[in-house]
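Residue-level structural notes
Each chain is listed here by its residues.
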Amino acid sequence: GTTSTGTTTTGTTSTGTTSPGTTRLGTTSTGTTSPGTTSPGTISTGTTSTGTASSTGSPVAGPELVADFSQASGYLHRNATATDRTTDITVSAWLYMSGSRYSDAFIFHNGRAASDGFGLIVRSTPLNRVAMLYPPSSVVTSSYAMPLRRWVYLSIVSTSTDEWRLYESGAEVAVMQMPSRPQTASPKFSVLGNGQSVFNNFDGKVARLTVWDKKRSPDELATDSIFGSLSGHEHGLAMFLPFTEGTGTIVHPLGTRASLGALVAAGSFKWETWSWDDPAISTAGMLPATTSAASFETNAIDFSGRTGQLSLPVAATSRQTQISMSCWLYVTAITFADQNVFHNGRPTADGLGITIMGSSSTLSILYGGVLMSATSYVVPTGRWVYISAVSATANAWSIYEMGMLQATLSLSINPRQPQQRFVVAGNGVNTFNNFNGMLDYITVFDAVRSSDQLIADSYGLSGFEAGIALFVPFSEGVGTQIHPGGTKSQVGIFNITGTLRWTKRPIQ
């Protein structure tokens, strides 16, 4: 608003009277004051308007720097603890998990992970469950599963000597009862790793990590999550990693224990810049600073029009049971002929694979090159779906969509041993049974994947998971070469028949 100060001449002033004014939502008037009379001279106090209140907008916008440890290739550590306490502690951070791990992954550990202190980890079994680690042997697993590919503000608060409470953006999500108080921590603090090797590294990104020598309330945790809300000099703040460097491999902390040293990277990581999407009103958290359609898409191959197929000169696996096969697929249209999605072996002679029947639009298992067993699952057209075929026992198969069981079937005979071929989107010979649609993220595991694992697989894999025989993420995006991952990563590239057309799959 604006304020006029009035004009004053020396004299004595009577108080006058004031009307209280009126207030309505958004706009406040302060009322007016009559100055009374003065002898000699007059004084006017002027009037003040407060202006109009607007609704609360987003907090201070980024850009905010984050450290990206995706692919689990590095971690941060220093030879000093973040806190010497064993209770009345709060540790928080913004976290983004890019992929699940075959081993437990460390978020942080105060002390030596193998012998003392305490830390927070993401379990491999049960998949992605968050747990407290009390070396040398105690692990207490919570009911909270770490989400994949979205930012979450996670906090762990020690409320007593044997109880820790887990929060997401200030909302309680789990309570963990500990068997005992943690052992006194050795001078070590690690972020996204166990401080010793790369075996337990976290596959993802971290921003704004804080360690408090006090319990933070849910309201305080929600406030801490907001960009720009902390200076690093707050009472009880032992360590604050704002990740403001943006370059190099050394991260400097703030807080009362900052003088004990910086954190140094073991292995490699990347710097990224993200912007803020008001956390007070949105669960989306941080979004890419350069937001575009490409930020939410991944590469795929378009076989629409039945013009091409791919083949690898080796089979993905020699197994005929204890196997899991999955892919993202988009059926453009059902055709009069059966459509081969992919096949381990030679589709016309041996092995087994996934086929869509032209007569019924149902997903089927083709085996031996001559037999087909149809399920009751009708493959949708015109949208992306993640489908899986899993065999736990000989000739018994289960069909899943997005990790949810859709159908089961039994093969009439054992499939023939697969020969040296893995074919994608065709029969390996001609274009008669080519797939009419788009494919992405093909995986073959020499293992039975559970429903939870299939869901996690659909969002992110590194290609180094235990039992993964073939992994085809189509990450190239351009050109005419497609390289496999998994245990078959050294066998060469896929041969291409017909035209290779690159496209995009929206990340769901």
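Below: a short report on this structure. (Residues numbered from 1 in each chain as written. Predicted model: local features only at pLDDT ≥ 70, side-chain atom pairs only at ≥ 80, totals over all residues. Heavy atoms only, no water.)

Looking only at helices and strands, the protein has two helices and 37 strands in total. Expressed as a percentage of its 508 residues, the buried residues of the protein come to 50%. Surface summary for the protein: the accessible area is close to 21400 Å², and the carbon and sulfur share equals 53%. (Helix = DSSP H or I, 4+ residues; strand = E, 2+ residues; numbered from the N terminus. Buried < 20%, exposed > 50% of the residue type's maximum accessible area, 1.4 Å probe, protein only. Areas by Shrake-Rupley, 256 points an atom, 1.4 Å probe, with all protein chains shown as cover.)

Each pair of aromatic rings is reported with the distance of its centres and the angle of its planes. Counted by the stated rule, this structure contains 12 aromatic pairs. With 4.8 Å between their ring centres and 25 degrees between their planes, Phe69 and Phe269 make a pair best called stacked. Here Phe69, found in the loop between strand E6 (64-68) and strand E7 (74-78), pairs with Phe269, found in the loop between strand E20 (263-267) and strand E21 (270-276); they are 200 residues apart in sequence, far enough to count as distant. Phe269 sits in the buried class, given a relative accessible area of 13%. (Phe/Tyr/Trp six-rings, centres within 6.5 Å; stacked < 30°, edge-to-face > 60°.)

Consecutive residues of a regular strand have side chains that alternate between opposite faces of the sheet. Most of strand E28 (residues 362-367) is tucked away: six of the six residues are buried. Judged by which residues are buried, E28 turns out to be covered on both faces: Thr362, Ser364 and Leu366 on one side and Leu363, Ile365 and Tyr367 on the other are all buried. As paired elements, strand E27 (residues 352-356) and E28 share five bridges and run antiparallel to each other. From the neighbouring strand, Leu352 faces E28, where its bridge partner is Tyr367. (Pairing = 2+ DSSP bridges.)

A few words now on the pattern of salt bridges. Enumeration over the complete set of coordinates arrives at 16 salt bridges. Across the salt bridge formed by Lys270 and Asp68, the nearest N and O atoms sit 3.7 Å from each other. Of this pair, Lys270 sits in strand E21 while Asp68 sits in strand E6, and the two are 202 residues apart along the sequence. The salt bridge partner of Arg165 is Glu163, with a shortest N-O separation of 3.1 Å. For Arg165, a relative accessible area of 23% gives the class partly exposed. (Salt bridge = Lys/Arg side-chain N within 4 Å of Asp/Glu carboxyl O.)

We now examine the environment of Met178. Considering the arrangement of structural elements, one finds Met178 in the loop between strand E15 (171-177) and strand E16 (189-191). When its relative accessible area of 7% is taken as the criterion, Met178 is described as buried. Remark: the alpha-carbon pair of Met178 and Trp164, spanning 14 residues in sequence, is separated by 7.6 Å. If we ignore the near neighbours within four places in the chain, the residues touching Met178 are Met132, Tyr134, Val140, Asp162 and Trp164. (Contact = heavy atoms within 4.5 Å.)

On the basis of which strands lie adjacent, the open sheet formed by eight strands has the order E12-E11-E10-E9-E16-E7-E20-E19 and antiparallel pairing. Among the strands making up the open sheet, the edge pair consists of strand E12 (138-145) and strand E19 (250-251).

What follows deals with the sheet that holds strand E24 (residues 308-312). Pairing is antiparallel across the open sheet formed by seven strands, whose spatial order is E29-E28-E27-E26-E33-E24-E36. Of all strands in the sheet, those bounded by a partner on one side alone are strand E29 (371-378) and strand E36 (495-498). With direction set aside, neighbouring strand axes in the sheet form an average angle of 20 degrees. Inspection of the sheet shows strand E26 (residues 339-344) paired to E27 by five bridges, in the antiparallel sense. Its bridge partner lying in E27, His343 is registered against Gly353. (Axes fitted to C-alpha atoms, helices over the stretch in contact; angles between N-to-C directions.)

Next up on the list: helix H2 (residues 451-459). Of the residues making up H2, those classed as buried are Leu454, Ala456, Asp457 and Ser458. Those residues of H2 that are buried lie in contact with strand E25 (323-331), strand E30 (384-393), strand E31 (396-401) and strand E34 (437-445).

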